[in-house]
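This is what each chain is made of:
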Amino acid sequence: METTSRVGAKAPAAEGAQQAPSGRRAVDGYLLAPFPWYGLDEAFTGPRWLMQVGTAADGAVEHGSIGHGDEPSVRGDAGSAGEPREKFAVVVTVAAHPSRRSADGTGLLEATSVSSAAWLAGVGLLSFTWPGQMDHTLRDDWLDQQTETAWALADDLEGPEWSQLSLPVDGAAASFYYRESEFGWVLAGTTETGVHLGAYGRGMSAYGLGFSVVKDIAAYA
């Protein structure tokens, strides 16, 4: 996959920036991005919230996530007995660019691709889920293993694990790679506006979603 350190990103921390209350999430990183941010279109009328941005080796904003619906907590995939699972969808925007020199001229930043968005979406979903029967002490090993699996799947978008799904982007039909697992769903595609899109979620069907440019990202803070 053509990314630098997997788009300069690690698997999203299971506990940390993504779990902070919305009021404390800084919008500054989003405002520094030289590309448009995407979220669900106006057909979605529920809560929207900022998550976190990722940067490349030279400090440039490379990607970020916006959540929709219930803010997910970190817990076993089945949840507590009798407790309903949260319903959420997260949209990941990844800057689309070719291989290029870093801003300080000391290195080469590799190209991003649809696979970059697919991997970020895959590990994003994993960051909020683990098998309910697994001890907390084993979760790090499980997450490492599943992250590598998500990497391999994202690097083989034409493989049997993926199907094609057509969804609207800025009002026009666009093709996405789509897969489901016991933990939820993941999809990835590209746009005409210089970004790749990834998304993941559970409890909300991916088939009825649409995406559009966020007109005022500061309103999410």
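Refer to the structure printed above.
Figured I'd write up the structure that's included with this text. In this text the structure is predicted, and so the values were computed from the model without any measurement.

Thresholds applied
Residues numbered from 1 in each chain as written. Predicted model: local features only at pLDDT ≥ 70, side-chain atom pairs only at ≥ 80, totals over all residues. Heavy atoms only, no water. Helix = DSSP H or I, 4+ residues; strand = E, 2+ residues; numbered from the N terminus. Buried < 20%, exposed > 50% of the residue type's maximum accessible area, 1.4 Å probe, protein only. Contact = heavy atoms within 4.5 Å. Areas by Shrake-Rupley, 256 points an atom, 1.4 Å probe, with all protein chains shown as cover. Expected span 1.5 Å × (residues − 1). Polar contact = N/O pair within 3.5 Å; in protein donor to acceptor, adjacent residues only side chain to side chain. Salt bridge = Lys/Arg side-chain N within 4 Å of Asp/Glu carboxyl O. Patch = residues over 30% accessible without salt bridge, like charges linked within 9 Å, V, L, I, M, F, W, Y side chains within 5 Å. Lys, Arg positive; Asp, Glu negative; His and termini not counted. Charge placed at Lys NZ, Arg CZ, Asp CG, Glu CD. Phe/Tyr/Trp six-rings, centres within 6.5 Å; stacked < 30°, edge-to-face > 60°.

What to know about the overall build of the protein
Okay, step 1: Along the protein, the regular secondary structure elements total four helices and 13 strands.
Okay, step 2: Sorting the 221 residues of the protein into buried and exposed places 52% on the buried side.
Okay, step 3: For the protein, the proportion of contacts with a sequence separation of at least 24, taken over those separated by at least 6, is 64%.
Okay, step 4: As displayed, the protein offers around 10300 Å² of accessible surface, 51% of which is attributable to carbon and sulfur atoms.

Describing helix α3 (residues 114–126)
Okay, step 1: Over its 13 residues, α3 extends 19 Å from the first C-alpha to the last, a length consistent with the 18 Å expected when each residue adds 1.5 Å.
Okay, step 2: Where burial is concerned, most of α3 is hidden: 13 out of the 13 residues are buried.
Okay, step 3: Two to three positions downstream of the cap, the backbone nitrogen of S115 sits 3.2 Å from a side-chain oxygen, assigning the N-cap of α3 to S113.

Points about the pattern of salt bridges
Okay, step 1: Evaluated as defined, the whole model comprises one salt bridge.
Okay, step 2: Put simply, E86 and R202 hold a salt bridge, and the shortest N to O gap is 3.2 Å. Here E86 is found in the loop between β4 (75–76) and β5 (88–95), whereas its partner R202 is found in strand β12 (residues 195–202), with 116 residues between them in sequence.

Digging into a negative patch on the surface
Okay, step 1: A contiguous patch of negative charge on the surface is contributed by D155, D156, E158 and E161.
Okay, step 2: By the element assignment, E161 lies in the loop between α4 (139–154) and β9 (163–169).

Focus: the packing of aromatic side chains
Okay, step 1: Under the definition given, this model contains six aromatic pairs.
Okay, step 2: Measuring from ring centre to ring centre gives 6.4 Å for F88 and Y200, while their planes differ by 80°; the resulting arrangement is edge-to-face. Of the two residues, F88 is situated in strand β5 and Y200 in strand β12; the sequence distance between them amounts to 112 residues.
Okay, step 3: Owing to a relative accessible area of 0%, F88 belongs among the buried residues under this scheme.
Okay, step 4: Between the aromatic rings of F176 and F211, the centroid separation amounts to 5.4 Å while the plane-to-plane angle is 40°, which identifies the pairing as tilted. Of this pair, F176 sits in strand β10 (residues 172–181) while F211 is found in strand β13 (residues 211–213), placing the two residues 35 residues apart along the sequence.
Okay, step 5: F176 sits in the buried class, given a relative accessible area of 0%.
Okay, step 6: Taken together, Y30, F35 and W37 form an aromatic cluster joined through their ring pairs.

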